[in-house]
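# Working through the structure, step by step
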Amino acid sequence: MAKPKHLPCIFLILINIYLSSSFIARVSAAAAATDDNAVYTSLIQCLEKNTTPQDKIADIVFSKTNSNYTSVLRAYIRNARMNTTETPKPVVIITPKQIKHVQAAVICTKQVGFLLKIRSGGHDYEGISYTSAKPFFVLDMNNLRSVEVDVPAQSAWVQVGATLGEVYHGIWEKSKVHGYPAGVCPTVGVGGHISGGGYGAMIRKYGLAVDNLIDAQIVDVNGKLMNRKEMGEDLFWAISGGGGASFGVVIAYQIKLVPVPPTVTFFRVEKTIEENATDLVVQWQTIAPKMDPNLFMRMLVQPSKPKDKLTIKITIMSLYLGTPDTLMPLVAKDFPGLGLKKEDCLTGSWIQAALWWANYDNYTTTSPDVLLDRKPDKAHFQKRKSDYVQVPINKQGLETIWKTMLELGEVGLVFNAYGGKMDEIDPTATPYPHRKGNLYKIQYSVNWDEPGKEETEKCLEQARKLHKVMTPYVSKNPRGAFWNYRDLDLGINSWGPNSFQEASAYGHMYFGQNFQRLVKIKTAVDPDNFFKTEQSIPPSK
């Protein structure tokens, strides 16, 4: 076989192309680094003008060349999907230690002309608070974490960089008979959790976290610090469930403490479909939202393989604000199918229940100090979605869902019972609209540990497929979704001329009829849309 005559020439051409492209890539990288350095210098100069020399601004601003940049960024990334080499990184991370640092950061980011992302805990499932396709800074609020509890006033001021674990610990230090109705994961940041609604195991007794707010502090687009009176009731309403990052930088919330009994009860009951779990789910849907509001029952639905055979396992986890002596007759009367036995019941203080819900099964010997552990740089690959159910799903429908879950193999569901206080609060009282008429909320949950595009796409597709299969059984017109479980599948805002239309796609799912009021408030307080994310509230034009 004859050899190609021009192989050496072709080879040289390819070498030249490679060297040229490599050279161009190096030049581009060098130019980007130079640009980043210029941006950093401009930012530092502006920040220093708007603070004092004693603030040592350079110590709280991290550029990509700073040796601590990566550890600061990774510390509060809670989804490993957002921790890859391909994930866009902030040009600068600002970690304010005082409120005036936040004010200066807003003023100077505007002056430099960059996008500002606000991160309080990193538990946003799509990484919206610390990633973006456009050049951006991260304002990391983790240093602003004070928790000041006033038991006589039954209130506390909590800064948004605090975690829920730190809030619960701060309350426990001052009172053994007070709590706060928020989430069960102790590493969640206060800012995102409360500003988006915030729910937990006392939702049926006391409502959402935002239903128990007294006051707030926010830095607006002009760098002005305001409390509730100064910001006005419209803006206070907006940041009480409509997401704070669309309207400014929330600094702190004043929360209302709620009474809890000295002894509470909690239990876990597990069943498989071979043990009539499907019938139990049918019953749970109508019973759990109607029972005594002191009782909250969460149901986990998961593919399981206990004896080399794939099945569906349900786990009912519960918190009861009372003792087993009053719980047992209640369950025997209203939910006999549960088969609850007194030996299934665990008891302890409210803070011990918080430990148990946080997966500390040895809650009696575990110090509440573990709630102060922020677990930095701990993340799993994950995807979450959400839905609301208004009409009970019948047995045939559940069996269809189980069949899909078994075929997929990875995705689990979490059913959270509503009713109680949630039925009493008007859907327009806060931006969170999913109250009356909803039996329960669903979280779709899939986690994986293996990195790589193939595994990621497989798991994402599983979550999307189950979400599609659920369409006939969940809320409609619009199909509801929970703001705290941000889901970019619902739509992304490009901040261009179609911003309002793009936001309407996800806005009505998250906020229902409250979306229009949020847009009106946004237009009034931030008409130029400085505070924006891929799923923020847009101004009207």
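Let me sum up the structure you'll find in this document. Along every chain, residues carry numbers that run from 1 in the direction the sequence is written. Residue-level local features of this predicted model are given only where pLDDT is at least 70; pairs of side-chain atoms are given and counted only at 80 or more, and the full residue set underlies all totals for whole chains, interfaces and linings. By convention in this description, side-chain values take in all heavy atoms of the structure and omit both hydrogens and water.

## Quick word on the overall build of the protein
Going by this rule: Labels follow the DSSP assignment, with helices taken as runs of H or I lasting at least four residues and strands as runs of E lasting at least two, numbered in each case from the N terminus. Radius of gyration: over C-alpha atoms. The globule rule applied is 2.2 Å multiplied by the number of residues raised to the 0.38 power. Three exposure classes are used, based on accessible area relative to the maximum for each residue type with a 1.4 Å probe and protein chains only: buried under 20%, partly exposed in between, and exposed over 50%. By the convention used here, residues are in contact when the closest approach between their heavy atoms is within 4.5 Å.
Assigned secondary structure in the protein consists of 16 helices and 18 strands. What you see for the protein is a C-alpha radius of gyration of 25 Å, in line with the 24 Å of a compact globule of 541 residues. In terms of its C-alpha atoms, the protein occupies a principal-axis envelope of roughly 85 × 75 × 50 Å. Classification of the 541 residues of the protein by burial places 56% in the buried group. Of all intrachain contacts in the protein linking residues separated by at least 6 positions in sequence, the fraction that spans at least 24 positions is 72%.

## Here's the deal with the state of the cysteines
So the rule is basically this: Cysteine sulfur atoms that pair up within 2.5 Å are treated as a disulfide.
Considering all chains together, one arrives at one disulfide under this definition. Disulfide pairing places cysteine 46 opposite cysteine 108 at an S-S distance of 2.2 Å. On the sign convention where negative is left-handed, the bridge of cysteine 46 and cysteine 108, at about -85 degrees about the S-S bond, is left-handed. Of this pair, cysteine 46 sits in helix 1 (residues 7-49) while cysteine 108 sits in helix 3 (residues 99-112), placing them 62 residues apart in sequence. Cysteine 108 carries the same exposure label as cysteine 46, and that label is buried.

## Topic: the pairing of strand 4 (residues 136-140)
Stated formally: DSSP calls a pair of strands paired once it identifies at least 2 bridges connecting them.
The buried count for strand 4 comes to five of five residues, which makes it a mostly enclosed element. Of the two faces of strand 4, the one carrying Phe136, Val138 and Asp140 and the one carrying Phe137 and Leu139 are both buried. Pairing of strand 2 (residues 92-94) with strand 4 involves three bridges; the strand directions are parallel. Pairing of isoleucine 94 across the sheet is with leucine 139, part of strand 4. In terms of strand pairing, strand 3 (residues 115-119) meets strand 4 through five bridges, oriented parallel. Paired with leucine 115 across the bridge in strand 4 is phenylalanine 136.

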